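Observations on chain architecture
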Amino acid sequence: MTVGAGQVALFLIYRLGLKVGWWRRVTQNLGVDPDKVPELRGELFVVPSPDHLKNLLGAEETDRVLALADEICQGMFRPFGGDPAPLVLDPPCPLKPWDVYRDNLAGEDIKIVWEPARLGWVFTLGRAYILSREERYAQTCLSHLKRFLQANPPGYGPNWVSGQEVALRIPALLFVLQVFQSSSSWLNEDRRFLISSILTHARRIPPTFIYARAQNNNHLISEALGLYLVGVLLPEWPESKRWRDIGWRWLNWAFQHQITSSGCYVQNSHNYHRLMLQLALLFVRASAIEGCDLPDLTRERLKMAVHWLWERMDARSGGVPNYGHNDGSNILPFGSRSFIDYRPTLQAAGQCFGQGRPLPSGPWDELSLWLGVKEGPSQDFPRITLSPGIVKPAGQSSWAMMYGGSCKGRIAHADFLHVDLWSHGINLLLDAGTYAYNLPSPWNNGLARTLVHNTLVVDGQDQLQHLSKFLWSKGGKVRFLGHLSVPEQRWTAFHDGYTRFGVVHRRSLVWLGEGQWEVTDEILPVNRRGLAQQRHQFDLHWLIRDGEWEIDITQLKIKYSQFGLEMRLRWNFDGDNVTFVPITVRLIRQGKAIFGPAGNFDCLGWYSPTYYHRVPALSLLLTWKDAVPCKIVTSIVVERAGNC
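Since the structure is predicted, the reported quantities are computational estimates derived from the model, not experimental observations.

**Structural notes on the overall build of the chain**
- Within the chain one finds 15 helices and 24 strands.
- Rg of the C-alpha trace for the chain: 25 Å, near the compact-globule value of 26 Å for 644 residues, within the 12% margin.
- Dimensions along the principal axes, computed over C-alpha positions, put the chain at roughly 85 × 55 × 45 Å.
- Looking at the 644 residues of the chain, the share that counts as buried comes to 61%.
- The contacts in the chain between residues at least 6 apart in sequence include a share of 72% that link residues at least 24 apart.

Written as structure tokens, this is what we have:
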């Protein structure tokens, strides 16, 4: 299993509390009288001057922020950083107590209801207000917030189900209080109303904090942070000291236990890794207001977490491989030109925890500005040895990463030895992402399966046993072979997820020179009597950025606007003796074969850059049957457009 006995026990207690109605009873009467609230003691955000913010963002980015704010004024927003959609603030009616709701609401993913309720749109309106000083942005924010808070009374509706979702609204409400305090549209009664709402949100968290502890992931950090922020910034409230103490204890515990000494985060996800760092930045900001220094071990783990993510970021675009679960979280969207831009978080966290600035100055410094992060030294960011599986040749326009599997805690996706390829800031060989957790099959986290990743499948089975929507068996591990690897040029590794079938998958990722890569897949027998001689079905899958394609049985060419990608295949050879076996080659787009035999491929030929958003991609799927050992080589060439 991938969770400990203690977590299982806490989860069972939580489920029992739901069944007998205990959590509903202890979360009644959460409301706080606005006439009795104290004043804030400290400012979580540092509100910049209009000129400073304009100079940092530049004219183009300033115009983009104002355009996004205008969309919100017109009743639209960008859920999960994707395409515009109506800003729906009223939950499905009739309202029921929060504990009766589940992950699916009449066929709709509950996260679609939760996303506008995270209040991420207030940051866009606040930035636009600072840049323009136009009162319509303040008026829109107040109007939307009042509508949301009145339509979602405490303890009723789906927006009070999750303690994490409740906690993530707290920084947004604190932001609103600061940014719009000079607005003529806001009255003292509005300010008291928002402070009472913040206290109400904090009251919702402790009763079901046991669930966050059972999850031992971003839920624990988010909920502990919500309590800590309110405890520090509203110290005169009677419950604040207890909230502050709970938050401080569990935040430090989580950062010290959920991050490994190498910097990998427990959820094995780049998106959740960014969320964790954003929550850490808010934590260190609040601790500075309180006058407390973070423990040395907490800072050390966060420093390593910065370096771990820095290794995996494409410096030209700010993107990272779409590794692990991606639920569209970007709770501090300052300085991000798109959802997939990780530069603002890495720049701020690098200066705060990583001993310097990872990047030169740019619009991505906006997050540091709002959080009061002091500008670090301008010398090169200290580089720690690259993790196994990453090949970033110095001075080259392309780089690649071969996944090494779980570092700790839950395994997110069955994606051992997946290969991601980047060139000129563009992700060419893709990880499909997540798309959705709570829709009907196959979109109930279906992109976590092995077949959708750029790796090899044996006998149509996942590398691990699928126990539930988010839970895999812990039966497989990846081992990198140091004697066959040359960092910056070649990595060789194998995983034992298929030993139950008597075989082991070994893969080598090699950089051969500018734009030239080679991936060798070997299927080797395990020393199990009788099993090694059996014939198996093998599926090798590559998910490729959509483009103009041309294919035959051994070669695929794709043209893009600036360059081209060519993939060539060789299989089943031993030295100069080539053994041919029948192989089926398919090219699949949007779940349908556009080359090769038809079939059921619902999840193939799709790429999901963020939650609830998917775009066409090309799935190259090779299928054959053979005994082991056998081998297949994929040669990959990236060329500039003039050379294609």
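**As for the layout of surface pockets**
- What the largest pocket holds in volume is close to 1300 Å³.
- Lining the largest pocket we find 50 residues, and of these Tyr 211, Gln 215, His 219, Arg 410 and Phe 470 sit closest to its centre.
- Listed by contribution, the elements that provide at least two residues to the lining of the largest pocket are α1 (5-20), α4 (110-117), α7 (163-179), α9 (209-215), α10 (218-233) and α11 (240-258).
- Of all the elements, α1 adds the most residues to the lining of the largest pocket, at six residues.
- Residues that form the lining of the largest pocket fall into these classes: 19 nonpolar, 18 polar and 13 charged.

**Some points on α7**
- Taking 1.5 Å of rise per residue, the 17 residues of α7 would be expected to cover 24 Å, and the 26 Å separating its terminal C-alpha atoms lies within 8% of that figure.
- For α7, the tally of buried residues reaches 17 of 17 residues, placing the bulk of the element in the interior.
- The N-cap residue of α7 is Ser 162: its side-chain oxygen and the backbone nitrogen of Gln 164 are 3.2 Å apart.

**Concerning the environment of Gly 460**
- Structurally, the position occupied by Gly 460 is in the loop between β9 (456-458) and β10 (478-480).
- Residue class for Gly 460 comes out exposed when judged on its relative accessible area of 51%.
- Separated by 249 residues in sequence, Gly 460 and Tyr 211 place their C-alpha atoms 35 Å apart.

**What to know about the pattern of salt bridges**
- Under the criterion given, the structure shown has 27 salt bridges.
- Ionic pairing is found between Arg 24 and Asp 99, a salt bridge with its closest N-O pair at 2.9 Å. Of the two residues, Arg 24 is situated in helix α2 (residues 22-26) and Asp 99 in the loop between β2 (85-86) and β3 (104-105); the sequence distance between them amounts to 75 residues.
- The exposure class assigned to Arg 24 is partly exposed, which follows from its relative accessible area of 32%.
- Classification of Asp 99 by relative accessible area gives buried; the value is 7%.
- Residue Lys 303 is joined to Glu 300 by a salt bridge in which the shortest nitrogen-to-oxygen separation is 3.5 Å. Of this pair, Lys 303 and Glu 300 are both found in helix α13 (residues 296-311), three residues apart, which corresponds to roughly one turn of the helix.

**Observations regarding the packing of aromatic side chains**
- Using the criterion set out here, one finds 31 aromatic pairs in the structure.
- With a centroid separation of 4.8 Å and 85° between ring planes, the pair formed by Tyr 437 and Phe 470 is classed as edge-to-face. Within this pair, whereas Tyr 437 is found in the loop between β8 (426-429) and β9, its partner Phe 470 is found in the loop between β9 and β10, the two being separated by 33 residues in sequence.
- The class for Phe 470 is partly exposed, based on a relative accessible area of 26%.
- Against the face of Tyr 342 rests Arg 274, its NZ or CZ located 4.0 Å from the ring centre.
- Over the ring of Tyr 435 we find Arg 614, and its NZ or CZ is 4.8 Å from the ring centre.

**What to know about the confidence of the model for the chain**
- For the chain, the mean per-residue pLDDT works out to 92, and 95% of the residues sit at or above 70.
- Residue range residues 573-578 is modelled with pLDDT below 50. Its contacts to residues more than four positions away, or to other chains, number four contacts.

**Section: the environment of Tyr 342**
- Tracing the backbone shows Tyr 342 in the loop between α13 and α14 (343-353).
- For the pair Tyr 342 and Cys 141, spaced 201 residues apart in the sequence, the C-alpha separation amounts to 27 Å.
- If we ignore the near neighbours within four places in the chain, the residues touching Tyr 342 are His 270, Asn 271, Arg 274, Leu 309, Met 313, Gly 318 and Val 320.
- Engagement of the side chain of Tyr 342 in a polar contact is seen with the backbone nitrogen of Asn 271, the distance being 3.4 Å.

**Considerations on the packing of helix α3 (residues 50-73) against helix α6 (residues 135-151)**
- Interaxial distance between α3 and α6 falls to 10 Å at its minimum, and their mutual angle equals 45°. For the element pair α3 / α6, the angle class is oblique. Relative to α6, α3 is oriented so that their crossing is left-handed. Across the interface between the two elements, Leu 66, Ala 69, Asp 70, Ile 72 and Cys 73 from α3 touch Arg 136, Tyr 137, Thr 140 and His 144 from α6.
- Split into classes, the residues belonging to the contact of α3 with α6 amount to five nonpolar, two polar and two charged.

**Brief notes about the packing of α11 against helix α12 (residues 270-290)**
- The N-to-C vectors of α11 and α12 enclose an angle of 135°; their axes lie 12 Å apart at closest approach. Our classification of the angle between α11 and α12 gives oblique. Considering the relative orientation of α11 and α12, their crossing is left-handed. Contacts between α11 and α12 involve Arg 244, Trp 248, Leu 251, Asn 252 and Phe 255 on the former and, on the latter, Met 276, Ala 280, Phe 283, Ser 287 and Glu 290.
- Residues of the contact of α11 with α12, tallied by class, amount to six nonpolar, two polar and two charged.

So, how was this worked out
Every chain's residues receive numbers from 1 upward, in the order its sequence appears when written. The model is predicted, so local features are restricted to residues of pLDDT at least 70 and side-chain atom pairs to those at 80 or more, both for listing and for counting; the totals for chains, interfaces and linings are taken over all residues. Excluding hydrogens and water, the side-chain values take into account all heavy atoms of the structure. Going along the chain from the N terminus, every DSSP run of H or I of four or more residues is numbered as a helix, and every run of E of two or more is numbered as a strand. Throughout, the radius of gyration refers to the C-alpha atoms, and the reference size of a globule is 2.2 Å times the residue count to the power 0.38. Any residue under 20% of the maximum accessible area for its type is buried, any over 50% is exposed, and the rest in between are partly exposed; the area is computed with a 1.4 Å probe on protein chains only. Throughout, a residue-residue contact means that at least one pair of heavy atoms, one from each residue, lies within 4.5 Å. With a 1 Å grid spanning the protein atoms alone, the term cavity applies to any set of points in which a 1.4 Å probe fits but cannot get out, the term pocket to an open set with protein on both sides within 12 Å along at least five of seven lines, and the term lining residue to any residue with an atom within 4 Å of a point. Grid points are joined across faces, edges and corners, and a volume is the space filled by probe spheres set on the points. Residue polarity follows a fixed list, in which Ala, Val, Leu, Ile, Met, Phe, Trp, Tyr, Cys and Pro are nonpolar, Asp, Glu, Lys and Arg are charged, and the others, Gly among them, are polar. Multiplying 1.5 Å by the helix residue count minus one yields the expected span of that helix. Any N or O atom pair separated by 3.5 Å or less is treated as a polar contact, with the protein-specific requirement of one donor-capable and one acceptor-capable atom, and with residues adjacent in sequence counted only for side-chain atom pairs. Criterion for a salt bridge: a side-chain nitrogen of Lys or Arg within 4 Å of a carboxyl oxygen of Asp or Glu. Any two of the Phe, Tyr and Trp rings considered here, Trp counted by its six-membered ring, make a pair once their centres fall within 6.5 Å; the pair's planes then place it as stacked at under 30 degrees, edge-to-face at over 60, or tilted in between. Only Lys NZ and Arg CZ are tested; either one counts as a charge over a ring when it is within 6 Å of the ring centre and within 35 degrees of the ring normal. Across the chain, each position has a pLDDT score giving the predictor's confidence in that residue, from 0 to 100. To define axes, lines are fitted to C-alpha atoms, for helices over the stretch in contact only, and angles between the resulting N-to-C directions are given on a 0 to 180 degree scale. Angle categories: roughly parallel below 35 degrees, roughly antiparallel above 145, roughly perpendicular from 65 to 115, and oblique for all the rest. Crossing handedness follows the turn of the near helix against the far one: under a right angle anticlockwise gives a left-handed crossing, and clockwise gives a right-handed one.

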